[in-house]
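# Structure at a glance
In case you want the letters, here they are:
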Amino acid sequence: MNRNSQKRIYGDNIYFITCAVHDKIEFFKESQLCELWIQEIKLCKELKQFLLIAFCLIYDHFHLLIKPNNEIANYSKIMHFLKRNFSQNANKILGYVRLNDEGDNAPEGDNAHCLQWQIKMDNFVIQTRNKFLEKHGKYHNLPKFKWQKSFHDHIIRNQKDLANHWNYTMNNFLKHGLPENWQYTGLNYPELIDEID
């Protein structure tokens, strides 16, 4: 465990999670990287089978409100998968990793469903890389993408705590002075948001 990491408590809980980009670099001012993040959340949600209750992506961090299916993956494994996959694909889009590099980004397992997702994601990354090149050319001022080490989590304790964190998460873009029509919040992706009792 990273010496700065908090002790993780696992159980049948809802978790509020915050994860930031290394050095608070505002990578998510780039719409192509925001769109990649949305695709990675969809992939992670399907493969790890957690409930996504709320999310908001900001220029240099994101918030999630999730309920893991611990038989499939706890929230640490969900975050590891999301951070790893996003970093690898973001660096392909940014030109720091060749598009045809294999290895760590292979699907988890050898079933046809995972392979279909991998092909779909590879195609998305190629298309997104082309859009990024059209906008910036080969040269841009963004460094290689990297997340901060670890992440922060909070166990939701009751309905009031859940309501407070839901509102905070979904509307976090307003706190940061982003436009009222900011796209990358769960408010704009109802098909990704799960209802809970």
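Everything numeric in this text was worked out from a predicted model, so none of it was measured. (Residues numbered from 1 in each chain as written. Predicted model: local features only at pLDDT ≥ 70, side-chain atom pairs only at ≥ 80, totals over all residues. Heavy atoms only, no water.)

## Overview of the sheet that holds strand S3 (residues 61-67)
- The strand order across the open sheet formed by four strands is S2-S3-S1-S4, and the pairing between neighbours is antiparallel. Only two strands of the sheet have a single partner each, and these edge strands are strand S2 (51-58) and strand S4 (152-155). For this sheet, the mean inter-axis angle between neighbouring strands, taken without regard to orientation, is 15°.
- As judged from the seven bridges shared by S2 and S3, these two strands associate in the antiparallel manner. Looking across to S3, one finds that Cys-56 is bridged to His-63.
- Across the sheet, helix H1 (residues 31-48) touches S2 and S3, and the angle it forms with S2 is around 165°.
- Against the sheet, helix H4 (residues 159-170) engages strand S1 (15-20), S2, S3 and S4, with an angle of about 40° to S2. (Pairing = 2+ DSSP bridges. Helix = DSSP H or I, 4+ residues; strand = E, 2+ residues; numbered from the N terminus. Axes fitted to C-alpha atoms, helices over the stretch in contact; angles between N-to-C directions. Contact = heavy atoms within 4.5 Å.)

## A word on the packing of aromatic side chains
- Across all of its chains, the model carries 17 aromatic pairs by this definition.
- A centroid spacing of 5.7 Å and a plane angle of 50° characterise the contact between Trp-37 and Phe-55, whose relative ring orientation is tilted. With Trp-37 in helix H1 and Phe-55 in strand S2, the pair connects residues that are 18 residues apart, well separated along the chain. For the pair Trp-37 and Phe-55, one class covers both residues: buried.
- Consider the rings of Phe-145 and Trp-147, whose centres lie 4.8 Å apart with planes at 85°: the pair is edge-to-face.
- Residue Phe-145 is classed as buried on the basis of its relative accessible area, which comes to 4%.
- We classify Trp-147 as buried; its relative accessible area is 6%.
- By way of ring pairs, the aromatic residues Phe-27, Phe-28, Trp-37, Phe-55, Phe-62, Phe-86, Phe-145, Trp-147 and Tyr-189 are connected into one cluster.
- A cation sits over an aromatic face here: Lys-120 above Trp-117, 4.7 Å from the ring centre. (Phe/Tyr/Trp six-rings, centres within 6.5 Å; stacked < 30°, edge-to-face > 60°. Buried < 20%, exposed > 50% of the residue type's maximum accessible area, 1.4 Å probe, protein only. Lys NZ or Arg CZ within 6 Å of the ring centre and 35° of its normal.)

## Re the nonpolar core
- By size, the foremost hydrophobic cluster in this structure holds 60 residues, and its most contacted members are Phe-28, Trp-37 and Leu-64.
- Contributing elements (two or more residues each) for this core: S1, H1, S2, S3, helix H2 (75-93), helix H3 (112-136) and H4.
- Ignoring anything within four residues of it in the chain, the contact list for Phe-28 reads Val-21, Leu-33, Cys-34, Trp-37, Leu-57, Ile-58, Tyr-59, Phe-86, Phe-145, Trp-147 and Trp-182. (Core = buried A, V, L, I, M, F, W, Y, C linked by side-chain atoms within 4.5 Å.)

## Things to note about unusual backbone geometry
- The backbone phi angle of Lys-24 is positive, close to 55°, even though this residue is not glycine.
- With respect to the secondary-structure elements, Lys-24 resides in the loop between S1 and H1.
- Not every positive phi belongs to a glycine, and Ser-150 is a case in point at roughly 65°.
- Ser-150 gets classed as buried once you look at its relative accessible area, which sits at 19%.

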